[in-house]
Structures are given as C-alpha cells and as structure tokens.
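Here is what each chain is made of, one letter per residue.
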Amino acid sequence: MNARAEDHLSDRLSPAAALTALRENAPLVQCITNTVVTNFTANALLAVGAAPAMCDIPGEAGLFAGIADGVLVNLGTPTAEQRDAAREAVRAGTPWVLDPVAVGVLPVRTALAAELLDHRPAIIRGNASEILALAGEAAGGRGVDATEGTDAAAAAARTLALRTGGVVAVSGPVDLITDGERAIRVHGGDALLTRVTGGGCSLGAVMAGLVGVCTSLEAAVAASAPYAVASERAASQAKGPGSFAVAFLDALDAVAAAPAELDARVADAPALR
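Residues numbered from 1 in each chain as written. Predicted model: local features only at pLDDT ≥ 70, side-chain atom pairs only at ≥ 80, totals over all residues. Heavy atoms only, no water.

### Quick notes on the overall build of the chain
- A count of helices and strands for the chain gives 11 helices and 9 strands.
- In terms of overall dimensions, the chain is globule-like: its C-alpha atoms have a radius of gyration of 17 Å, near the 19 Å expected for 273 residues.
- Each of the three principal axes of the chain carries a C-alpha extent, and together these read 40 × 40 × 35 Å.
- Taken over 273 residues, the chain has a buried fraction of 55%.
- Within the chain, contacts between residues separated by at least 24 positions form 72% of all contacts whose residues are at least 6 apart in sequence.
- With an accessible surface of roughly 10500 Å², the chain has 53% of that area assigned to carbon and sulfur atoms.
- Counting 19 positive and 29 negative side-chain charges, the chain places the averaged centre of each group 4 Å from the other. (Helix = DSSP H or I, 4+ residues; strand = E, 2+ residues; numbered from the N terminus. Rg over C-alpha atoms; globule rule 2.2 N^0.38 Å. Buried < 20%, exposed > 50% of the residue type's maximum accessible area, 1.4 Å probe, protein only. Contact = heavy atoms within 4.5 Å. Areas by Shrake-Rupley, 256 points an atom, 1.4 Å probe, with all protein chains shown as cover. Lys, Arg positive; Asp, Glu negative; His and termini not counted. Charge placed at Lys NZ, Arg CZ, Asp CG, Glu CD.)

Structure representation (structure tokens):
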C-alpha cells in the first residue's frame, strides 16, 4: 500500500491542493464512456482544468491510453466497439477508473466488468448497488439507480479495494471512499445532481484526471468534495434541472477557490471490516 494512504487525513493532499495540481498540469483524460453523457463529461473535465479526449475506437484506444495521464472506462453503453476499446486501454499501464454502470443487472457489462477488474483499476466509482454487484454480493440496482445506501456497500468496497489494490468510491448522499484499510466520508451535495444525465459519470472522469497528479485515494476524495460543494452552490440558484446543469459547470470551475469549504466536507471514517 502507498505510504501516503496510511497518513492521517491532515497529512494528505487536500482537495483544493489536488485541484490546483490538476489545473497546473492539465492532464489528458481519455474517456471510453456512456454515449449519453459524453458532452457533459467533457465539459466537467474542462471546468476543472483537465483536457478531455473521447477516444473509444478499437485500434486507437490502446495507443491513446499510452499517452493519456488518466483513463475512464464507463460501462453505461458497452457496444462491441467500446468493449474492445476498453480492453485495449486498460492494458496500456496508465492509471484508470472503472465506472461499472448497471453491473449486476445486465449480463454483457457484468461479464466485462469482471474481466476488466483483473487489470487493476486505480479507482472503482459506483453507487452502492453497483459496488455490491461487482463484489458478487448482490444482483445490482434498478437499472443505473441504486437501491442500497453507501453503508450497505462498505464491506464490498473494502473487499474490492483489497482485491484490486486500488480505491473504491461509493457515491451517495454521503460518499464512502476506501483503499481497503482507511475509510473516508465526503459529506454534502444536492439531489438535483441525480436529475442531470452525467452527474455520476462525469465524477468518474474527474477522478481519472486527478489520478494523473496525485494518489488514487487523494484523487477520489478531491473529485467528490468539489462535486458536493458545486452541486449545492448550483442548486441554490437553479430553477430546475436545466439551469442547474449550467450552474453546476460554472460552480465546478470556481470551486477550487474555496479550500476551507472543500476540506470541511471530508472526514475520516472508522476502519472498515
């Protein structure tokens, strides 16, 4: 285990510092992702200061992954081409994030997720039902929606983290993030984020950007905290989901300038068993 992941919370790179590092380095993020969310995902990456590339063509995906700083593999629309592109990309050796959308509910993506796990993702990000299903402990949620709370997936998250050597981030009203030994909770956020297509998918992409500039644990935390803050700021001025989506991107762009607010969302949790 990386020694930095064992340090006390205050000794790790703060979310604001990680976001500053991201903007200074402008990491190139390859996204093999849900066709429904490509535009929102690209805009979220641009808002935080990363450079998105939606390169998901077999024959190019592996080559591109070799030059990218981070890779997202999102299983929302796993066409045959995307499945082959994902297999190429995860073999490149670049840190990558797995978003197992609707795993456990549908057989094609469930089999692919199990196959990709052998290539040791740096971060697995999903809702509680997806994490439980990926660990083989449940059948999944209602399509892409969770039917379990984050605490229900705590043991499964630890199991997956220890199995892969990476970090598991369980998204929910309170996010739970673990490397198998440490557990961190990120508090806050607004439910309007769940009414915009791409809220969770773009979060995985931002994690893929951050994993190029800091440790996997720091990356997962540093992506989740600004999403909590930015969604609340956007909701405070939005009239509904449409105006929220625009306000959220603006808030995501500005949120790095609020280090105290970001850090206040992050807290150590009891060790998982």
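### Description of the packing of helix H8 (residues 199-210) against helix H9 (residues 216-235)
- Packing of H8 against H9 brings their axes to within 8 Å, and their N-to-C directions diverge by 135°. On the basis of the axis angle, H8 is oblique to H9. In the packing of H8 onto H9, the handedness of the crossing is right-handed. Every residue of H9 that contacts H8 at Gly 199, Ser 202, Leu 203, Val 206, Met 207 and Leu 210 is listed here: Ala 219, Ala 220, Ala 222, Ala 223, Ser 224 and Tyr 227. (Axes fitted to C-alpha atoms, helices over the stretch in contact; angles between N-to-C directions. Parallel < 35°, antiparallel > 145°, perpendicular 65-115°, else oblique. Left-handed = near helix turned anticlockwise from the far one by under 90°.)

### Some details on helix H5 (residues 107-117)
- All of the buried residues along H5 are Arg 109, Leu 112, Ala 113, Leu 116 and Leu 117. Mapping the buried residues of H5 onto a view down its axis gives an arc of 135°, with all of them on the same face.
- Residues of H5 that are buried make contact with strand S3 (70-74), helix H4 (80-90), strand S4 (96-99), strand S5 (123-127), helix H6 (128-134) and helix H7 (154-164). (Arc of directions from axis to C-beta.)

### Some words on the nonpolar core
- Among the nonpolar cores identified, the biggest contains 55 residues, and Ile 123, Leu 210, Phe 244 and Phe 248 are the most heavily contacted of them.
- Every element with two or more residues in this core is listed here: helix H1 (15-25), strand S1 (28-32), helix H2 (38-48), strand S6 (167-171), strand S8 (183-187), H8, H9 and helix H10 (241-254).
- When residues no more than four places from it in sequence are discounted, the contact partners of Ile 123 are Trp 96, Val 97, Leu 98, Val 167, Met 207, Val 211, Ser 216, Ala 219 and Ala 220.
- Listed in part, the 38 residues of the second largest apolar core include Val 73, Ala 86, Leu 98 and Ile 124. (Core = buried A, V, L, I, M, F, W, Y, C linked by side-chain atoms within 4.5 Å.)

### Points about the sheet that holds strand S7 (residues 174-178)
- Spatial strand order, S2-S1-S3-S4-S5-S6-S7-S8-S9: 9 strands in an open sheet with mixed pairing. The sheet is open, and its two borders are formed by strand S2 (51-53) and strand S9 (266-269), each paired with just one other strand. For this sheet, the mean inter-axis angle between neighbouring strands, taken without regard to orientation, is 20°.
- With 4 bridges connecting them, S3 and S4 associate as parallel partners. The partner of Val 71 across the bridge, within S4, is Trp 96. (Pairing = 2+ DSSP bridges.)

### Let's talk about the side chain of Arg 265
- Note on placement: Arg 265 falls in the loop between helix H11 (259-263) and S9.
- Apart from the residues within four sequence positions on either side, Arg 265 is in contact with Arg 185, Val 186, His 187, Gly 188, Gly 189, Ala 228, Val 229 and Glu 232.

### Details of empty space enclosed by the protein
- Across all of its chains, the model carries 1 cavity of 30 Å³ or more by this definition.
- Approximately 40 Å³ is the volume attributed to the largest cavity.
- Taken together, Ile 32, Val 73, Asn 74, Leu 75, Pro 78, Gln 82, Arg 83, Ala 86 and Leu 112 make up the lining of the largest cavity.
- Those elements that place two or more of their residues in the lining of the largest cavity are S3 and H4. (1 Å grid on protein atoms, 1.4 Å probe; cavity = no way out; pocket = protein on both sides within 12 Å on 5 of 7 lines; lining within 4 Å. Points joined across faces, edges and corners; volume = space filled by probe spheres on them.)

### A look at H9
- With 20 residues, H9 should cover 28 Å at 1.5 Å per step; its first-to-last C-alpha distance of 29 Å lies within 8% of that length.
- Among the 20 residues that make up H9, 17 are buried, leaving the element largely enclosed by the rest of the structure. (Expected span 1.5 Å × (residues − 1).)

### Topic: the pattern of salt bridges
- All told, the structure shown has 9 salt bridges when counted by the stated rule.
- Where Glu 261 meets Arg 233, a salt bridge forms, and the shortest distance between an N and an O atom there is 2.8 Å. Here Glu 261, found in helix H11, pairs with Arg 233, found in helix H9; they are 28 residues apart in sequence, far enough to count as distant.
- What makes Arg 233 partly exposed here is its relative accessible area of 29%.
- With its nearest N and O atoms 3.8 Å apart, the salt bridge here joins Arg 265 to Glu 261.
- Overlapping salt bridges, with partners in common, bring together Glu 232, Arg 233, Glu 261 and Arg 265 in one network. (Salt bridge = Lys/Arg side-chain N within 4 Å of Asp/Glu carboxyl O.)

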